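Chains, contacts and geometry: an overview
Residues per chain are reported as follows:
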Amino acid sequence: MLILVVTALTGVDAARSFWGTMERGGGVFCWGPYFFFFLILISVFQNKNYLLRLFNLTAGVSLVVALYALGQRMGLPSLIESGVDRATGTIGNAAFLASYLILNIGLILVLLVSRT
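Residues numbered from 1 in each chain as written. Predicted model: local features only at pLDDT ≥ 70, side-chain atom pairs only at ≥ 80, totals over all residues. Heavy atoms only, no water.

**Details of the environment of glycine 11**
- Looking at the secondary structure, you find glycine 11 in the loop between helix H1 (2-10) and helix H2 (14-19).
- For glycine 11, a relative accessible area of 32% puts it in the partly exposed group.
- Spatially, the C-alpha atom of glycine 11 lies 32 Å from that of phenylalanine 96, the residues being 85 residues apart in sequence. (Helix = DSSP H or I, 4+ residues; strand = E, 2+ residues; numbered from the N terminus. Buried < 20%, exposed > 50% of the residue type's maximum accessible area, 1.4 Å probe, protein only.)

Put into structure tokens, the structure is as follows:
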């Protein structure tokens, strides 16, 4: 974060480096809240058991989202946007759903490896 702030101040366009762009974000203003959120997370989850419980909860929620998307793809009539070519799940966007599920597949693999 310190390097981001220094390069934002010494860059060609300091205002653009601070605010970022609409297409990419990426400015100090965008990354600042992520940094503070990271500080909060590492202060709250100091115990490994708490972090594993959070990861297990995240894996469970991703399983529910994946099953919902599978139900959409299979055409279950009780689901929103049922029978579509590209399932959107509860997220509402097929590309975002794919990246969410890929991230959680990696998380589940990490959980499986850490248990053995």
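**Some details on the packing of helix H4 (residues 48-74) against helix H5 (residues 94-115)**
- Where H4 contacts H5, the axes come no closer than 9 Å and their chain directions differ by 135°. The pairing of H4 with H5 is recorded here as oblique in orientation. Between H4 and H5 the crossing geometry is left-handed. Across the interface between the two elements, Leu52, Phe55, Asn56, Thr58, Ala59, Val61, Ser62, Val65, Ala66 and Ala69 from H4 touch Leu97, Tyr100, Leu101, Asn104, Leu107, Ile108, Leu111 and Arg115 from H5.
- Residues belonging to the contact of H4 with H5 are distributed by class as follows: 13 nonpolar, four polar and one charged. (Axes fitted to C-alpha atoms, helices over the stretch in contact; angles between N-to-C directions. Parallel < 35°, antiparallel > 145°, perpendicular 65-115°, else oblique. Left-handed = near helix turned anticlockwise from the far one by under 90°. Contact = heavy atoms within 4.5 Å. Nonpolar A, V, L, I, M, F, W, Y, C, P; charged D, E, K, R; others polar.)

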